[in-house]
Amino acid sequence: MTAPTVTPYRSPLPPARDGFPQLLHSEWTKARSVRRWSVTLLAAVVITVFVSLLSALSGSFDVNGSPPPPPKSPDGTPVTDSFPFVHQQLTGDGSITARVSPLTGREGHIAPWAKAGVIIKASTDAGSPYAAVMLTPGHGVRLQSDFTHDTPGSSASGTEPRWLRLSRSGSVLTASESADGKKWTEVGRATPAGLPKTVQAGLFAATPELVTVQRHFGSTSVGGGPSEVTASFDRITVDGDRGTADDGDRGAVVDGDRGAVVDGDRGAVVDGYQGTGTWRQDRVGADPTRAAGSPDRSAQTAGTWTLTGSGEIGPLTPDVDLTQRSLSGAQIGLVPLAALGVLFITTEYRRGLIRTTLTAGPRRGRMLAAKAFVLAGIVFLTGLLAAVLSFLLAEPALRDNRPNPGAYPEAALTDGPVLRAVLGTALLLAAVAVLALAVGALLRNTAAAVTLIVVVFVLPMVLLAGLPVGTAHWVMKVTPLAGFAVQQTTPRYDFVSTVCLPVDSCYPQGPWAGLAVLCAYAAVALGLAMWRLRRRDV
C-alpha cells in the first residue's frame, strides 16, 4: 500500500536575511529607541558649544590705544614688511646686481633665516608686491616673492661673498646667483601680482626676531626681542631706464651727511655704482612711534653700502589659531560621546541582549561592524552640528577680544581650511566613538572602558604642560590626541621662523596626518574587538 504524499509546510512570510543592510537597520532602530542616548547626543552638543564659547569670552587684554593694523599683501593676507631699503627707480625692463658680503649678527648671534640681497618692489609701501633674491646664513640662496612664495637656490653657507642678480622682463622677474660674478646660475622666476611699469630696485636686509622659550612643569614662558643682521653690498649695478631723479618717491635723497654719494651724471660710475638714477634710503614699514629706537640703518663708504636691518619680510603668523580655539570645546564634548560608544555595546552585555543580537545575526564581526558604522554616522552628524555652532558663535568673540583683530585673517565657514577643520572635528569625534565602542567590546565593562578612553585623551593633555617641547611633540604625534591636529588652520611656511608650542595646541604634523593616527587607533582596536568576539563565548 502506497503512503500518501505529504506537502511540507511553507510559511507565507519571506525568509529572514541577516545581510549587512538588515544589520544596519537593526542597529539604527536600537540607537533611536533609547531616549537616554538621544539626551547624551544633545548634551555633547551643548557641552562642546558652551566650552568653546566660554574659552572665547574668558580671555581679555588691556592695551593702551589701538595698535595699527598690519599691512596686507596683494591677496589680502596680513604680512610683516619692515626693512631698510636703499633703492632707485626703475622703469620697464632692467636688472640690479650686487655682491653681498657674509651676514653678521649682534654679539655673534644671527638667525638662520636672516636675509640680505637685492629686491624689486612695486613701491616703498608696506605690503606692496615684490620679488627678492637673498643670501641667508642657514638656508643658502633663496628667491622669495609676494610674502608667501619661496624658491631655494644653492646651499651657499653665507660665509663667503655671493653675487646676486634680479632681472625684469615684462611681468617676470628672474633671479640668478654667482660665486665669482662671471658664471651665473638661475635660481628661479617669479611673477609678482600687479607689478607696475615703474618699480623700486635696491638693496635690503632683514631678520626675524629672536625667540627664547623656557619651560617648567605647569608653565611656559616665551621671550625675545628684535635681532639684527648686517650685510655689505658692493659691485652694484642697475641697468635700465631710471626715469628722472625726482620721481616722487617718498624716500630721502642720499646726501653727504650720511657718507653717501649722489651723482646726476647719467651713465657715470661713482664709487662702485654704475647707473643713472638717484639712490634713496627708506625704511619700509617704519612705525613713526618707534623709529627713534630702531636699529635699522644704511650708510655708504667708498662704493660699499652697509645695511643693518631688524625687521622681517613674510607672512604674519597669528599667535593664536582662532578657528582651532573656537573648536576647543570638542576636547570636553568627546567625553559623553565616548561614553555613548561604550554603552552602545556594553549595555547589551549587561542586559543579556547580546545573545539575541547574535542569534539574529550570527556573523559576529559583521554585527560589530554594523554597530560601528551606525554609531560613527550618528556621532559625525552630532559633531558636525556642534562644530558649526561652536565656530559661528566662538570665532567672532575670539576675534573681538584680541588686542589687534586686524592681525587675524578673516575666516568664513566656507573657507577651505575652516571647512576642513569643522568637518575634521566631526570625523574626529566619530573616530573617538568608534574607538570607545571597540574598547567596550574588548573590556565588556562600562566603567573600565569609559575611564580608559578618558585617560587616553586627558592624561596626555596634562603631561604636555611639563614635558620638554620635543617630547611633547612626540606625544602629540603618536597618541590618539594627534587627531586634534585636524583643527589647525594657520598656514605654515618652511621659510618663516615660528615657535610651535604644545601649550598653544600647535601640533607638529599636518591636519590629515594627525587625524589618520586617531583613525588607525580606532581601526586596530575595532579589529581586535572583532577577533576577540569571534573567539569568546558571549
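The structure this text deals with has already been given above.
Residues numbered from 1 in each chain as written. Predicted model: local features only at pLDDT ≥ 70, side-chain atom pairs only at ≥ 80, totals over all residues. Heavy atoms only, no water.

Some details on the packing of aromatic side chains
Item 1. Summed over the entire model, instances satisfying the criterion amount to 5 aromatic pairs.
Item 2. Seen from their ring centres, Phe-83 and Phe-204 are 5.8 Å apart, and the 70° between their planes marks the pair as edge-to-face. One end of the pair, Phe-83, is in strand β2 (residues 83-100); the other, Phe-204, is in strand β11 (residues 198-206), with 121 residues separating them in the sequence. Assigned by exposure class, Phe-83 and Phe-204 land together as buried.
Item 3. Through a chain of ring-to-ring contacts, three or more aromatic side chains come together here, namely Phe-83, Phe-85 and Phe-204.
Item 4. The ring of Trp-184 is capped by Arg-165, whose NZ or CZ atom sits 4.0 Å from the centre of that ring.
Item 5. When the ring centre of Phe-344 is taken as reference, the NZ or CZ atom of Lys-371 above it lies at 4.9 Å. (Phe/Tyr/Trp six-rings, centres within 6.5 Å; stacked < 30°, edge-to-face > 60°. Helix = DSSP H or I, 4+ residues; strand = E, 2+ residues; numbered from the N terminus. Buried < 20%, exposed > 50% of the residue type's maximum accessible area, 1.4 Å probe, protein only. Lys NZ or Arg CZ within 6 Å of the ring centre and 35° of its normal.)

Some remarks on unusual backbone geometry
Item 1. Unlike most non-glycine residues, Phe-147 shows phi in positive territory, near 75°.
Item 2. Looking at the secondary structure, you find Phe-147 in the loop between β6 (140-145) and β7 (149-152).
Item 3. On the accessibility criterion, Phe-147 (1% relative accessible area) is buried.
Item 4. The phi angle at Arg-444 is positive, at roughly 55°, despite the residue not being glycine.
Item 5. Among the secondary structure elements, Arg-444 is positioned in the loop between α7 (416-443) and α8 (446-464).
Item 6. Looking at Arg-444, the relative accessible area reads 17%, which means it is buried.

Some details on the environment of Thr-151
Item 1. As for its position among the elements, Thr-151 is in strand β7.
Item 2. Along the chain, Thr-151 and Gly-188 lie 37 residues apart, while their C-alpha atoms are 6.6 Å from each other.
Item 3. Other than its neighbours up to four places away in sequence, Thr-151 contacts Val-141, Arg-142, Leu-143 and Val-187. (Contact = heavy atoms within 4.5 Å.)

Observations regarding a nonpolar patch on the surface
Item 1. Among the surface-exposed residues, Val-455, Val-458, Leu-459, Val-462 and Leu-463 lie close enough to one another that they form a single nonpolar patch of about 380 Å² accessible area.
Item 2. Take Val-455: it is sitting in helix α8. (Patch = residues over 30% accessible without salt bridge, like charges linked within 9 Å, V, L, I, M, F, W, Y side chains within 5 Å. Areas by Shrake-Rupley, 256 points an atom, 1.4 Å probe, with all protein chains shown as cover. Salt bridge = Lys/Arg side-chain N within 4 Å of Asp/Glu carboxyl O.)

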